[in-house]
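# Structure at a glance
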Number of protein chains: 2
Amino acid sequence: MVNAFNPDSLAHLDPALAHAIERRTRLLGPAYRLFYQTPVEVCRGSGTRLFDKQGGEYLDAYNNVVSVGHCNPHVIEAVHEQMSTLCTHTRYVQDGILDYAEAMLPSFGGRIGETGHMMFTCTGSEANDLALRIAKHHTGRRGIIVTEEAYHGNSELTAGFSPSLGERAPLGTWVRRIPAPDSYRHDPAALGRMLADAVTRQAYELMRAGDGLAAFVADSLFSSDGVYASPEVLGPVAEAVRAAGGLFIADEVQAGFGRSGDRFWGYQRHGIDPDIVTMGKPMGNGFPVAAIAVTPEAVASFGSDMRYFNTFGGNGVAIAAARATREVILNDNLQANATRIGALLRDGISGLANRFEGIGDVRGAGLYIGVEMVTERAARSPDAALAARIVNEMRERRVLISATGPEANVLKIRPPLVFSDADADWLLSTLEAVLAA
Amino acid sequence: MVNAFNPDSLAHLDPALAHAIERRTRLLGPAYRLFYQTPVEVCRGSGTRLFDKQGGEYLDAYNNVVSVGHCNPHVIEAVHEQMSTLCTHTRYVQDGILDYAEAMLPSFGGRIGETGHMMFTCTGSEANDLALRIAKHHTGRRGIIVTEEAYHGNSELTAGFSPSLGERAPLGTWVRRIPAPDSYRHDPAALGRMLADAVTRQAYELMRAGDGLAAFVADSLFSSDGVYASPEVLGPVAEAVRAAGGLFIADEVQAGFGRSGDRFWGYQRHGIDPDIVTMGKPMGNGFPVAAIAVTPEAVASFGSDMRYFNTFGGNGVAIAAARATREVILNDNLQANATRIGALLRDGISGLANRFEGIGDVRGAGLYIGVEMVTERAARSPDAALAARIVNEMRERRVLISATGPEANVLKIRPPLVFSDADADWLLSTLEAVLAA
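Residues numbered from 1 in each chain as written. Chains lettered and ligands numbered in written order. Predicted model: local features only at pLDDT ≥ 70, side-chain atom pairs only at ≥ 80, totals over all residues. Heavy atoms only, no water.

The subject of this paragraph is the overall build of chain A. In terms of helices and strands, chain A carries 13 helices and 16 strands. In terms of overall size, chain A behaves like a compact globule, its C-alpha atoms giving a radius of gyration of 21 Å where 437 residues would be expected to give roughly 22 Å. Overall, the C-alpha framework of chain A stretches about 60 × 55 × 45 Å when taken along its three principal axes. Residue pairs at least 24 apart in sequence account for 71% of intrachain contacts in chain A once pairs closer than 6 positions are excluded. Of the roughly 14300 Å² that chain A leaves accessible, carbon and sulfur atoms contribute 49%. Side chains of chain A carry 40 positive and 50 negative charges; the gap between the two charge centres is 4 Å. (Helix = DSSP H or I, 4+ residues; strand = E, 2+ residues; numbered from the N terminus. Rg over C-alpha atoms; globule rule 2.2 N^0.38 Å. Contact = heavy atoms within 4.5 Å. Areas by Shrake-Rupley, 256 points an atom, 1.4 Å probe, with all protein chains shown as cover. Lys, Arg positive; Asp, Glu negative; His and termini not counted. Charge placed at Lys NZ, Arg CZ, Asp CG, Glu CD.)

Next up, the structure:
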């Protein structure tokens, strides 16, 4: 995993931290990973800040879950009030879930905005798993096309089409991959056609294998592929998917809820009308709540043949968290803030690129930023070692970012949407100091 | 689905409720189901009570999620305090998750109690999905054996081995089924051997199909099979599973956390030492938190080849909810309460059986009770219509229960563990009145 701590290397750590990590391995086992060469031990959060046990203050430029800020009081209050009133499931009639769905649905536009439905889960993985179950049932097929280094979840089904989990996590035989829209190495204007042609080819292969195309799934910011944000790319792709008889699933777990700045949903930067939209991470600012939005056509046969029940999904408290988070995003104009601060960060990093040869490309949308590090600009050759050094040096200076991409050489910067001008200054000056060091 | 409202039948409803249900269908689509011929519209909960908009008070004898009572103040306070402090994920070092795992692990006894690990998810479905992924990776096989009418989750993988979802939800080709331990129609002393022999036969079939046995999975109270609680039955089954090279997964989503009265975990009533234990529903009293506990051997290869990350799973607030819920269960002796009140309810219903021929069998453990309704006692012929009438008549009198089993004729009574003597009296007197009517 990019930016994973190596648990065999404890010697350089403070004894108390080394002890905590040994205890963690003993209690949680071998499948958990920590971030950074020196993991961060957190015990308090506020806004864009995290604090360790010694009171050390960190600038959080990585956590997109706490979109409206760590410990946002409006969300805390909404959860507390609802927990003190009622917390139960969707087999009783309750207003809150209906009010939330009614408020959200128009935001999707297109067919979902007109007559779509929302269904509630607890995690983005569950949302993607459900979306695929619906797509497979609707089409009677099982093939799935994703991008080269996609991540869509941790369930058996979604892990099966999440190549970024690594070569030892086998993909389903019914999975085909297409390139990510690498705007650094290709003409951005040609990307849409390039991806659409790849979809057409892979859909043909799925047909030949007897699987057929159930769905194409993409995160419109291509987070684990290395962060690519050229707009309009997915338009031709959606046409190719439809021509092959598949559903288009927009995985908005990363890009949604205003993160991309330009639009509330990332796929809207591509002018497409998906059959299913999945969402999660920032939806309840850390409260486990996620969902899908779907056209009536896509879910009709699933709804009559099957049923869907998720004990905690859409319970009163989950909905209260989601409602409050949405209110803060809208009332505090956080989408506009993402646009403004995102541009400021990209401009600042582009400025640094004039002085530091290692910065090959600066890209992104809103507050989702990728900075590609290279050994040599002309060759665009990935420099994973440099990216890792920067991420860990930033962490030593208490600014939290990470890295991504198939070559692990792309800095990943995606702070809470409440990131301020002063936060951006702090991040930029620290990055400058690290690059200079 | 047993006890599902028929949305085509709105004419008998109060216009406001009919409107709410139409709105619900429009916003949430066709895959959601409501309970009862006249659905319940809830807006407040407290202890063992739910309240509707008009202030009508219901006795909740069905919801096993709110194990320590609706709106339990200790859990509310713990969640509020942690939400006000920090809510973030498992890639930073945090004490809470380790303290919780350390407190919990000894409760499992056996190999897990000695050296096992806990891994955190958000839902029971995710826990079972993860458990199966681990079992498949460990064994290199994919076959699964479950009971006839089992339910284990809503993900693609877990729905594939959940026959209770109905005939239109196809099972995986790698699934084989064995009978549930029907203590009403078989000698309880013979059940263990009967099930073990069936496992051996089906494991052989899986081997012949090239799948092999990865795991046997069972809920030790066999909730969706009709509630069977004979102890010791799973001992011979576990031996047969091990002999066939599979893992034994104890699905404790229903039976765990003291529900069965006798023991903290339901599988402990069977004297077995499972490879993986999965848990969910009551773990956070409604907060979305779930987990698995696993032996180091079972998870070793999964942990080195794969990684597991669940954005919300085991976050600080989820752990706070789980910690507080556990504290209430232990401090308020709710396991003992489940034993005492459960026995009182079963005795009371057995008493009613002396006067009402429709009651064929009363069974269960702790506060998980099944009452099998029959048309004729001698023939033990299931009476689903009578069970449905009772469930709906109880609901009209504001006592909430449901029904289960392959023939939908078993009353399912599983109240919060804080159910009191007075609550039991209310339930019994209402049941008596309904049976008399």
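All names here are of chain A. The buried fraction of strand E7 (residues 213-218) amounts to six of the six residues, a majority that puts the element mostly inside the structure. Where strand E5 (residues 143-147) meets E7, three bridges bridge the pair, whose relative direction is parallel. Residue Ile 145 lies in a different strand from E7, and its bridge partner there is Phe 216. As paired elements, E7 and strand E8 (residues 247-251) share four bridges and run parallel to each other. Within E8, the position partnered with Val 217 by the bridge is Ile 249. (Buried < 20%, exposed > 50% of the residue type's maximum accessible area, 1.4 Å probe, protein only. Pairing = 2+ DSSP bridges.)

Counting residues at the interface gives 100 residues for chain A and 100 residues for chain B. Residue Glu 156 of chain A is joined to Lys 136 of chain B by a salt bridge in which the shortest nitrogen-to-oxygen separation is 2.6 Å. Run the count over chain A and chain B and you get 52 residue pairs in polar contact (both at pLDDT 80 or more). Taken together, the elements giving at least two residues each to the side of chain A that touches chain B come down to helix H1 (15-28), strand E1 (42-46), helix H2 (73-83), helix H3 (95-104), strand E4 (117-121), helix H5 (124-139), helix H6 (156-159) and helix H9 (296-305) of chain A. Per-element tally for the side of chain A that touches chain B: the top contributor is H1 of chain A, with nine residues. Considering only residue class, the side of chain A that touches chain B consists of 53 nonpolar, 27 polar and 20 charged. (Salt bridge = Lys/Arg side-chain N within 4 Å of Asp/Glu carboxyl O. Polar contact = N/O pair within 3.5 Å; in protein donor to acceptor, adjacent residues only side chain to side chain. Nonpolar A, V, L, I, M, F, W, Y, C, P; charged D, E, K, R; others polar.)

Residues and elements named next belong to chain B. Relative to the helices and strands, Ala 384 is located in helix H12 (residues 384-396). Residue classification places Ala 384 among the partly exposed residues on the basis of a relative accessible area of 30%. When the C-alpha atoms of Ala 384 and Thr 25 are compared, they prove to be 27 Å apart, with 359 residues separating the residues in sequence. Beyond its immediate stretch of four places on either side in the chain, Ala 384 contacts Glu 407, Ala 408 and Asn 409.

Here we take up the relation of the copies chain A and chain B. In this structure, two copies of a chain are linked by a rotation about an axis accompanied by a shift along it. Placing chain A over chain B gives an RMSD of 0.0 Å and needs a rotation angle of 180°, together with 0.0 Å of translation along the axis. Here the copies are linked by what is in effect a two-fold axis. Of the residues that chain A buries at the interface, 100% are likewise interface residues in chain B, meaning the two copies contact each other through the same surface. (Least-squares fit on C-alpha atoms with pLDDT ≥ 70 in both.)

Of note, Asn 285 of chain B is a non-glycine position whose phi angle comes to about 55°, a positive value. The topology assignment puts Asn 285 of chain B in the loop between strand E9 (276-279) and strand E10 (290-294).

This part covers the side chain of Lys 412 of chain B. Residue and element names in this part refer to chain B. Among the secondary structure elements, Lys 412 is positioned in strand E16 (residues 410-413). Of the side chains with opposite charge, Asp 219 lies nearest to the buried Lys 412, which makes no salt bridge, at 8.6 Å. Of the polar contacts made by the side chain of Lys 412, one reaches the side chain of Tyr 62; its length is 3.4 Å. Setting aside residues no more than four positions away along its own chain, Lys 412 makes contact with Tyr 62, Tyr 368, Ile 369, Ile 401, Ser 402, Ala 403 and Thr 404.

With that out of the way, let us pick up the pattern of salt bridges. With the rule as written, the count across this model stands at 50 salt bridges over all chains. Two residues, Asp 273 of chain B and Arg 111 of chain B, come together in a salt bridge whose shortest N-O distance is 2.8 Å. Here Asp 273 of chain B, found in the loop between strand E8 (247-251) and E9, pairs with Arg 111 of chain B, found in helix H4 (residues 110-115); they are 162 residues apart in sequence, far enough to count as distant. Residue Asp 273 of chain B is classed as partly exposed on the basis of its relative accessible area of 24%. Across the pair Arg 397 of chain B and Glu 393 of chain B runs a salt bridge whose closest N-O atoms are separated by 3.5 Å. Salt bridges sharing partners connect three or more residues here, namely Asp 182, Arg 185, Asp 361, Arg 363 and Glu 372 of chain A.

Turning our attention to empty space enclosed by the protein. Under the definition given, this model contains seven cavities of 30 Å³ or more. Space inside the largest cavity adds up to approximately 100 Å³. Mapped onto the lining of the largest cavity, the elements with two or more residues apiece are H5 of chain A together with helix H5 (124-139) of chain B. Of the residues in the lining of the largest cavity, the class split is four nonpolar, six polar and four charged. (1 Å grid on protein atoms, 1.4 Å probe; cavity = no way out; pocket = protein on both sides within 12 Å on 5 of 7 lines; lining within 4 Å. Points joined across faces, edges and corners; volume = space filled by probe spheres on them.)

We now examine the sheet that holds E8 of chain A. Residue and element names in this part refer to chain A. Spatial strand order, E4-E10-E9-E8-E7-E5-E6: seven strands in an open sheet with mixed pairing. In this open sheet, the two edge strands, each paired with only one partner strand, are E4 and strand E6 (175-178). Neighbouring strand axes in the sheet, compared pairwise and without regard to direction, differ in orientation by 20° on average. The pairing of E4 with strand E10 (residues 290-294) spans five bridges and is antiparallel. Bridge assignment links Thr 121 to a residue of E10, and that residue is Ala 290. (Axes fitted to C-alpha atoms, helices over the stretch in contact; angles between N-to-C directions.)

A few words now on H5 of chain B. Residue and element names in this part refer to chain B. Here H5 is 16 residues long and its end C-alpha atoms lie 22 Å apart, about the 22 Å a rise of 1.5 Å per residue gives. Here H5 lies mainly inside the structure; 14 of its 16 residues are buried. One or two steps after H5, the chain reaches Gly 140, where phi turns positive at roughly 70°. (Expected span 1.5 Å × (residues − 1).)

What the largest pocket holds in volume is close to 1200 Å³. Looking at the largest pocket, it is lined by 34 residues, and the ones nearest its centre are Glu 156 and Trp 174 of chain A together with Lys 136, Glu 156 and Trp 174 of chain B. Breaking the lining of the largest pocket down by element, the ones donating at least two residues are H5 and H6 of chain A together with H5 and helix H6 (156-159) of chain B. Looking at the lining of the largest pocket residue by residue, the classes come out as 15 nonpolar, nine polar and ten charged.

Time to look at the side chain of Asp 52 of chain A. All names here are of chain A. With respect to the helices and strands, the residue Asp 52 is situated in strand E2 (residues 49-52). Despite its burial, Asp 52 pairs with no opposite charge; the closest candidate is Arg 398, at 4.6 Å N-O. From its side chain, Asp 52 meets the backbone nitrogen of Gln 54 in a polar contact 3.0 Å long. Within the structure, the side chain of Asp 52 is placed 2.7 Å from the backbone nitrogen of Gly 56, a separation counted as a polar contact. Here Asp 52 is in contact with Glu 41, Val 42, Cys 43 and Tyr 58, once residues within four sequence places are set aside.

Turning to the domain arrangement of chain A, a few remarks are in order. Residues and elements named next belong to chain A. Parsing chain A into structural domains produces domain 1 (40-68 + 333-436) and domain 2 (73-331). Computed over C-alpha atoms only, the centres of domain 1 and domain 2 are separated by 26 Å. On the domain 2 side, the residues contacting the 33 residues of domain 1 number 32 residues. Of the roughly 2600 Å² buried at the junction of domain 1 and domain 2 (both faces included), carbon and sulfur atoms supply 53%. In terms of surface lost to domain 2, no three residues of domain 1 exceed Val 68, Gln 335 and Tyr 368, which account for 25% of the buried area on that side. Applying the counting criterion to the domain 1 and domain 2 interface returns one salt bridge. The partner of Glu 372 in a salt bridge is Arg 185, and the shortest N-O contact between them spans 2.5 Å. Counting across the interface, domain 1 meets domain 2 through 22 residue pairs in polar contact (both at pLDDT 80 or more). Mapped onto the side of domain 1 that touches domain 2, the elements with two or more residues apiece are helix H11 (334-353), strand E11 (359-365) and strand E12 (368-376). Its residues assigned to classes, the side of domain 1 that touches domain 2 comprises 16 nonpolar, eleven polar and six charged. (Domains from an automatic or database assignment. Buried area = accessible area lost by both parts, 1.4 Å probe.)

Further remarks concern the sheet that holds E2 of chain A. All names here are of chain A. Strands sit in the order E1-E2-E3-E14 across an open sheet of four strands; the sheet is mixed. Lying at the two open borders of the sheet, with one neighbouring strand each, are E1 and strand E14 (399-400). Note that strand E3 (residues 57-60) and E14 share two bridges and pair parallel. Bridge assignment links Asp 60 to a residue of E14, and that residue is Leu 400. Each of E2, E3 and E14 is contacted by helix H13 (residues 421-436), which is oriented at about 100° to E3, the strand it contacts most.

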